[in-house]
There are 2 protein chains.
Amino acid sequence: MLPKGNHAGALALAAKERGIKCFVVMPSNSAQPKIDAVRSYGAEITFCEPNAPARAATLATVQKRTGATFIPPYDAVNTILGQGTALLELLDQTPEPLAAVAAPVGGGGLLAGTALAAEGTGVRVFGAEPSGADDCAQGLREGQRRDTVDANTIADGLRTPVGHINFPIIQDKVEQVIVVSDEEIIRAMRLLWERLKLVVEPSSATAFAAVMSPAFQRLGVKGPVGIIISGGNVDLSQPLPWTLE
Amino acid sequence: MLPKGNHAGALALAAKERGIKCFVVMPSNSAQPKIDAVRSYGAEITFCEPNAPARAATLATVQKRTGATFIPPYDAVNTILGQGTALLELLDQTPEPLAAVAAPVGGGGLLAGTALAAEGTGVRVFGAEPSGADDCAQGLREGQRRDTVDANTIADGLRTPVGHINFPIIQDKVEQVIVVSDEEIIRAMRLLWERLKLVVEPSSATAFAAVMSPAFQRLGVKGPVGIIISGGNVDLSQPLPWTLE
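Residues numbered from 1 in each chain as written. Chains lettered and ligands numbered in written order. Predicted model: local features only at pLDDT ≥ 70, side-chain atom pairs only at ≥ 80, totals over all residues. Heavy atoms only, no water.

What follows deals with the environment of Phe 208 of chain A. All names here are of chain A. Mapped onto the secondary structure, Phe 208 falls in helix 9 (residues 202–212). Here Phe 208 falls in the buried class, since its relative accessible area comes to 16%. Distance from Phe 208 to Ile 229, taken between C-alpha atoms, is 8.3 Å for residues 21 residues apart in sequence. Setting aside anything within four residues of it in sequence, one finds Phe 208 in contact with Ala 188, Leu 191, Leu 192 and Ile 227. (Helix = DSSP H or I, 4+ residues; strand = E, 2+ residues; numbered from the N terminus. Buried < 20%, exposed > 50% of the residue type's maximum accessible area, 1.4 Å probe, protein only. Contact = heavy atoms within 4.5 Å.)

What follows is the structure in structure tokens.
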């Protein structure tokens with residue numbers, strides 16, 4: 001049972017492959033393709049109002065009814081370790097050793113997991129955060145996790161305060177969280193669509209934007225840089241973001 | 001030296017990797033991302049008016065000036081054999097044997113190459129053609145290659161009469177060319193974007209549309225079906241086709 005977009009799809013598919021029942025709590029304003037994907041993987045969806053209290057209440061009701069185990073989208077050790085396997089796969093498939101890797105940070109599951117997976121490999125780990133939701137970068141500067149986040153960014157998957165378990169791992173093991181503007185995110189997203197032919201969402205493009213940013217380029221990293229691209233939930237019935245300027 | 005979109009990009013990249021100079025003749029109305037891609041692979045572009053006589057004349061001028069060898073986009077044995085390697089790669093990477101494979105047909109390089117690569121493997125080969133440019137399917141019915149083609153389809157890469165070398169290979173080795181409407185192509189394209197997260201152009205989606213069509217489904221093919229997806233040249237500054245209805 002789980003309450004987030006890419007997480008929902010991933011768990012629904014994993015449950016289906018193992019013959020396990022999966023129950024998903026989703027906000028009522030979720031994009032139709034996301035709903036269709038989760039359903040096609042055989043998960044049962046319960047909709048809730050799009051806010052945190054409604055989500056928690058609906059989650060509790062569904063858990064009580066089904067006896068299902070709650071699998072949080074980021075603030076949990078196993079979720080973090082699971083998300084770290086993306087880097088393990090990338091290292092397996094890359095012929096040369098990576099000099100660095102970048103991952104986006106919202107709740108921080110992917111970034112903390114990436115940092116743990118990079119332990120002992122010599123790969124330098126960077127986070128990427130939109131300037132309109134940069135609670136993690138601010139928390140790192142202040143030496144203390146922030147409880148709230150602005151949600152003033154196109155990168156909707158990153159409008160989440162970094163988790164309690166995630167923050168200290170990031171503090172300890174991530175070299176730097178690079179903050180990028182929505183303009184940089186949209187430019188990076190378009191380049192990924194045009195040249196890699198990948199439908200990625202703004203949250204995913206954030207890591208690529210960070211690697212192209214002056215802040216990263218100034219570091220003079222030598223060698224291949226890996227980028228963790230995590231999702232492609234884009235509402236394709238709407239105009240693409242770069243056509244809206 | 002070469003005059004077509006995906007072909008141009010592929011050859012420019014192949015030439016770059018081998019340290020060979022590459023000259024491309026392109027219509028002056030080519031999409032900017034296509035131009036940028038070919039340039040970034042180091043090829044030198046000469047623009048021509050967007051019609052066949054202008055293209056041939058410009059090609060001749062460039063050849064005379066540079067001494068370059070002309071590499072035709074489809075109507076040539078080596079091009080056909082090269083395009084057939086897509087199926088070889090697919091067979092290499094597929095754990096189970098394929099029951100069938102579908103490829104789009106415009107000039108017919110990809111389809112003839114696919115059919116040759118499938119020889120002796122037991123894989124059934126199907127072509128896919130838009131109803132607004134179905135010269136190949138018509139030619140097969142009439143037992144004779146057609147010299148002209150309507151260009152009344154969104155699948156711009158397939159608005160080409162099938163080549164002289166390509167047609168008899170297709171006649172001999174392809175089980176059936178399935179004709180699909182633009183509506184079916186757009187629906188297939190959207191599904192590839194939403195679920196496989198791939199930016200594919202209408203011409204590429206044509207093969208997937210054929211596999212989803214009633215004509216193909218009636219055949220009752222048992223087992224995995226391969227689809228050759230060949231290009232993602234989509235002008236992302238324009239509205240996506242399914243938003244235009």
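Our focus in this paragraph is the packing of aromatic side chains. Residue and element names in this part refer to chain A. All chains considered together, the criterion is met by five aromatic pairs over all chains. Between the aromatic rings of Phe 126 and Phe 216, the centroid separation amounts to 5.2 Å while the plane-to-plane angle is 80 degrees, which identifies the pairing as edge-to-face. With Phe 126 in strand 4 (residues 124–130) and Phe 216 in helix 10 (residues 214–217), this pair connects stretches of sequence that are 90 residues apart. The exposure classification of Phe 126 matches that of Phe 216, with both residues buried. (Phe/Tyr/Trp six-rings, centres within 6.5 Å; stacked < 30°, edge-to-face > 60°.)

Now for the sheet that holds strand 5 (residues 176–180) of chain B. Residue and element names in this part refer to chain B. Across the sheet, which stays open at both edges, the four strands sit in the order 5-4-3-6 with parallel pairing between neighbours. This sheet does not close on itself; its edge strands, each paired only once, are strand 5 and strand 6 (225–227). Along the sheet, successive strands turn relative to each other by an average axial angle of 25 degrees, direction set aside. Relative to strand 5, strand 4 (residues 124–130) runs parallel, the two being bridged by five bridges. Along strand 5, the bridge assignment pairs Phe 126 with Gln 176. (Pairing = 2+ DSSP bridges. Axes fitted to C-alpha atoms, helices over the stretch in contact; angles between N-to-C directions.)

Moving on, we come to the domain arrangement of chain A. Each assigned domain of chain A is listed here: domain 1 (5–66) and domain 2 (77–227). Centre-to-centre separation of domain 1 of chain A and domain 2 of chain A, based on C-alpha positions: 25 Å. (Domains from an automatic or database assignment.)

If you check the backbone angles, Lys 197 of chain A has positive phi at about 60 degrees while not being a glycine. The topology assignment puts Lys 197 of chain A in the loop between helix 8 (182–195) and helix 9.

Turning next to the pairing of strand 2 (residues 44–48) of chain B. Residues and elements named next belong to chain B. Pairing between strand 1 (residues 23–27) and strand 2: five bridges, direction parallel. Of the residues in strand 2, the one forming a bridge with Val 25 is Thr 46. Remark: the strand 1/helix 2 (residues 32–40)/strand 2 crossover connection has right-handed handedness. (Right-handed = clockwise from strand over helix to strand, strands pointing away.)

A few words on the sheet that holds strand 4 of chain A. All names here are of chain A. With respect to topology, four strands assemble into an open sheet ordered 5-4-3-6, the strand pairing being parallel. In this open sheet, the two strands that pair with only one neighbour each are strand 5 (176–180) and strand 6 (225–227). Strand after strand, the sheet turns through a mean of 25 degrees between neighbouring axes, direction not considered. Both strand 3 (residues 100–104) and strand 4 contribute to a ladder of five bridges, which runs parallel. Following the sheet pairing, Val 101 is matched in strand 4 by Val 125.

Residues and elements named next belong to chain B. Orientation of helix 4 (residues 77–93) relative to helix 5 (residues 109–118), taken along the N-to-C sense of each, is 60 degrees, at an axis distance of 7 Å. As the angle between them shows, helix 4 and helix 5 are arranged oblique. In the packing of helix 4 onto helix 5, the handedness of the crossing is right-handed. Across from Ile 80, Leu 81, Gln 83, Gly 84, Leu 87 and Leu 88 in helix 4, the residues of helix 5 making contact are Gly 109, Leu 110, Ala 112, Gly 113, Thr 114, Leu 116, Ala 117 and Ala 118. When the residues that make up the contact of helix 4 with helix 5 are grouped by side-chain class, the tally is nine nonpolar, five polar and no charged. (Parallel < 35°, antiparallel > 145°, perpendicular 65-115°, else oblique. Left-handed = near helix turned anticlockwise from the far one by under 90°. Nonpolar A, V, L, I, M, F, W, Y, C, P; charged D, E, K, R; others polar.)

Once chain A is rotated about the relating axis by 180 degrees and shifted along it by 0.0 Å, it coincides with chain B to within an RMSD of 0.0 Å. Both copies of the chain, as the preceding transformation shows, are related through a two-fold rotation axis. Closest approach to the rotation axis within chain A is made by the C-alpha atom of Leu 198 of chain A, at a distance of 2.5 Å. (Least-squares fit on C-alpha atoms with pLDDT ≥ 70 in both.)

All names here are of chain A. Tracing the backbone through its elements, the reader meets Val 221 in the loop between helix 10 and strand 6. Overall, Val 221 belongs to the buried group, its relative accessible area being 18%. Distance from Val 221 to Arg 124, taken between C-alpha atoms, is 9.2 Å for residues 97 residues apart in sequence. Aside from chain neighbours lying at most four places away, what touches Val 221 is Ala 99, Ala 100, Arg 124 and Phe 216.

On to a nonpolar patch on the surface. Together, Val 77, Leu 81 and Ile 165 of chain A make up an exposed nonpolar region whose accessible area comes to about 240 Å². The residue Leu 81 of chain A is located in helix 4 (residues 77–93) in this model. (Patch = residues over 30% accessible without salt bridge, like charges linked within 9 Å, V, L, I, M, F, W, Y side chains within 5 Å. Areas by Shrake-Rupley, 256 points an atom, 1.4 Å probe, with all protein chains shown as cover. Salt bridge = Lys/Arg side-chain N within 4 Å of Asp/Glu carboxyl O.)

As a further point, take the environment of Asn 152 of chain A. All names here are of chain A. Relative to the assigned elements, Asn 152 resides in the loop between helix 6 (135–142) and helix 7 (166–173). Asn 152 sits 135 residues away from Glu 17 along the chain, and the two C-alpha atoms are 37 Å apart. Those residues within four positions of Asn 152 in sequence are excluded, and the remaining contacts are Gly 132 and Asp 182.

If you look at the biggest cluster of nonpolar residues, it comprises 58 residues, and the most contacted ones within it are Trp 193 of chain A together with Trp 193 of chain B. Non-local contacts of Trp 193 of chain A, meaning those with residues more than four positions away in its chain, are made with Leu 198, Val 199, Val 200, Val 234, Leu 236, Leu 240 and Trp 242 of chain A together with Trp 193, Val 199 and Leu 236 of chain B. (Core = buried A, V, L, I, M, F, W, Y, C linked by side-chain atoms within 4.5 Å.)

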